[in-house]
Amino acid sequence: MKRIVVLGAGESGAGAAVLAKKVGFDVFVSDMSKIKDKYKKLLDAHGIEWEEDRHTEEKILNADEIIKSPGVPLNAPLIVKCRENGIGIISEIEFAGRYTDSKMVCITGSNGKTTTTSLIYHIFKSAGYDVGLAGNIGNSLALQVAESPHKYYVIELSSFQLDNMYDFRANIAILLNITPDHLDRYDYKMQNYVDAKMRILQNQTPDDSFIYWYDDPIIKEELKKYDIKAMQLPFSELKKNGVIAYIEQGQYKIEVPTPFNMEQEELSLTGKHNIYNSLAAGIASDVAGIKKEIIRKSLSDFPGVEHRLEKVTSVAGVQYVNDSKATNVDACWYALESMKTPVILIIGGTDKGNDYNSIKGLVKEKCVGIVYLGADNTKLHNFFDSMGIPVRDTHSMKDCVNACYDMAKPGDTVLLSPCCASFDLFKNMEDRGEQFKELVRNL
């Protein structure tokens, strides 16, 4: 019996372990941190051996293959040792793909992944398709393949997941954009990160579709290097030669495979960045054969995504918006671009090699105050303090929300759009957003 070792016992790791056990592997799960009770119960229910708070090398280095959690860096000492021992390392998505013939709709990009993935899932569900949601959101793809298989999967893929995918094939691949992000995981080399994102194209055939943002300068250059076999379906904000979907005179239009149009003002998502997300989702749904009237209705009644430009409440004439998912500078740019009122911007956290110059113009134009929220705000002080905008320095969400309340005037918007990861002060991005919402609602 072949041995599979799963490193990391979160959603993806626990799901991969269950599938591996079901298809006949000897399975062992190891996590350097505490394992959540719900995953312990899942592993125990399937008779899977696990350990937490350590990695026992003699139980790991005898594996035939390793399934690595996306959160474990490629240069982690144990991963390096596994490679030196000739053990193959794959992702949960790669593993799950071996045991299903379902159609895969896969979305990646530096920004907009979650919104686009959730929107496509919403459209497919509204059309009555048998569809699962997986990847960075939803439930583990491997667990769904093992216990509740679907005909379609809509999968949000991070660069970390793509790093360890080799034979997996996206029937519909969507590449939204590529901007600097996670460079701390890629030796601070942009090309390494770009190469990871471009892996979404691998293994596509002429029967498949590749949807991408035509105007992204990095994508445009990278595509010159690839022999793309899939049908190419580029989109742009405006009509131009070479694109098949765009906005024209207030109309949302898709030309192929089935012509489709609707009023732009009927789209439930607002802001320039959401035009791209809505176009990509509409094209994918069109390719999948969903009827026009269902696409139209779904694009207009989609409720949005938690922690992404989520309106929390209004207090004393001030609107509070939770954009905790903005963990890079480009995401913050999109959030600021969509603001129509003066902004108190909350920014800070674990810096990932950020260059804040791209938002400098929008900060000057839109912001009447900046509140730093991080364990160490030195880099933010050095960049923003000289701009002449009032700033406050905080190191907890409670102090941050109180500072915003003091600074904001009626008609302002307080925008949590941090540009940074959350791990200096919070468990994760969701924890940061939840704390913000709770404290705001208690003002």
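Above this text is the structure in question.
My aim in this report is to walk through the structure given alongside it, one point at a time.

What counts and what doesn't
Residues numbered from 1 in each chain as written. Predicted model: local features only at pLDDT ≥ 70, side-chain atom pairs only at ≥ 80, totals over all residues. Heavy atoms only, no water. Phe/Tyr/Trp six-rings, centres within 6.5 Å; stacked < 30°, edge-to-face > 60°. Buried < 20%, exposed > 50% of the residue type's maximum accessible area, 1.4 Å probe, protein only. Lys NZ or Arg CZ within 6 Å of the ring centre and 35° of its normal. Pairing = 2+ DSSP bridges. Helix = DSSP H or I, 4+ residues; strand = E, 2+ residues; numbered from the N terminus. Axes fitted to C-alpha atoms, helices over the stretch in contact; angles between N-to-C directions. Contact = heavy atoms within 4.5 Å. Core = buried A, V, L, I, M, F, W, Y, C linked by side-chain atoms within 4.5 Å. Salt bridge = Lys/Arg side-chain N within 4 Å of Asp/Glu carboxyl O.

Bringing the packing of aromatic side chains into the picture now. A complete count under the given rule lists 13 aromatic pairs for this structure. The interplanar angle of 90 degrees and the centroid separation of 5.9 Å between the aromatic rings of Y252 and F260 together place this pair among those described as edge-to-face. For the pair formed by Y252 and F260, the shared burial category is buried. Between W333 and Y334 the ring centres are 5.4 Å apart and the planes differ by 90 degrees, which places this aromatic pair in the edge-to-face class. Overall, the relative accessible area of 26% leaves W333 in the partly exposed class. In textbook terms, an aromatic cluster arises when at least three aromatic residues are bridged by ring pairs, as seen for F25, F95 and Y99. When the ring centre of Y214 is taken as origin, the NZ or CZ atom of K220, which lies over that ring, is 4.5 Å away.

Reading across from one edge, 15-16-20-17-18-19 is the order of the 6 strands in this open sheet, with mixed pairing throughout. The two strands at the open ends of the sheet, each matched to only one other strand, are strand 15 (310–315) and strand 19 (391–394). Going from strand to strand, the sheet's axes swing by 20 degrees on average, the running direction of each strand aside. Across 4 bridges, strand 16 (residues 318–322) lies against strand 20 (residues 413–416) in parallel orientation. For V321, the partnering residue across the bridge sits in strand 20 and is L415. Its contacts with the sheet place helix 13 (residues 329–338) against strand 17 (343–347), strand 18 (367–373) and strand 20, and it is angled at close to 165 degrees to strand 17. Helix-sheet contacts for helix 17 (residues 429–441) involve strand 15, strand 16, strand 17 and strand 20, and the interaxial angle to strand 15 is about 20 degrees.

Grouped together as the largest cluster of nonpolar side chains are 54 residues, with contacts concentrated most on L141, I155 and F210. Take this core: its biggest share by element is 6 residues, from helix 1 (residues 11–22). Discounting residues that sit within four places of it in the chain, I155 has contacts with I93, M104, V105, C106, I107, T117, A134, G135, L141 and F168. If you look at the next biggest cluster of nonpolar residues, it comprises 38 residues, including L176, A280, A284 and I295.

Residues V256 and P257 are joined by a peptide bond in cis, for which omega reads 0 degrees. Mapped onto the secondary structure, P257 falls in the loop between strand 13 (251–254) and strand 14 (260–263). The backbone of Q249 shows a phi angle near 50 degrees, a positive value even though the residue is not glycine. One can find Q249 in the loop between strand 12 (245–248) and strand 13. Classification of Q249 by relative accessible area gives exposed; the value is 80%. Positive phi values are uncommon outside glycine, yet C419 reaches one of about 70 degrees.

So, about the pattern of salt bridges. Within this structure, the stated rule accounts for 20 salt bridges. With a closest N to O distance of 2.7 Å, E306 and K437 form a salt bridge. Linking E306 in the loop between helix 12 (292–301) and strand 15 with K437 in helix 17, this pair joins segments that are 131 residues apart in sequence. Between D323 and R308 there is a salt bridge whose closest N-O contact spans 2.8 Å. Within this pair, whereas D323 is found in the loop between strand 16 and helix 13, its partner R308 is found in the loop between helix 12 and strand 15, the two being separated by 15 residues in sequence.

Geometry only, nothing functional implied.
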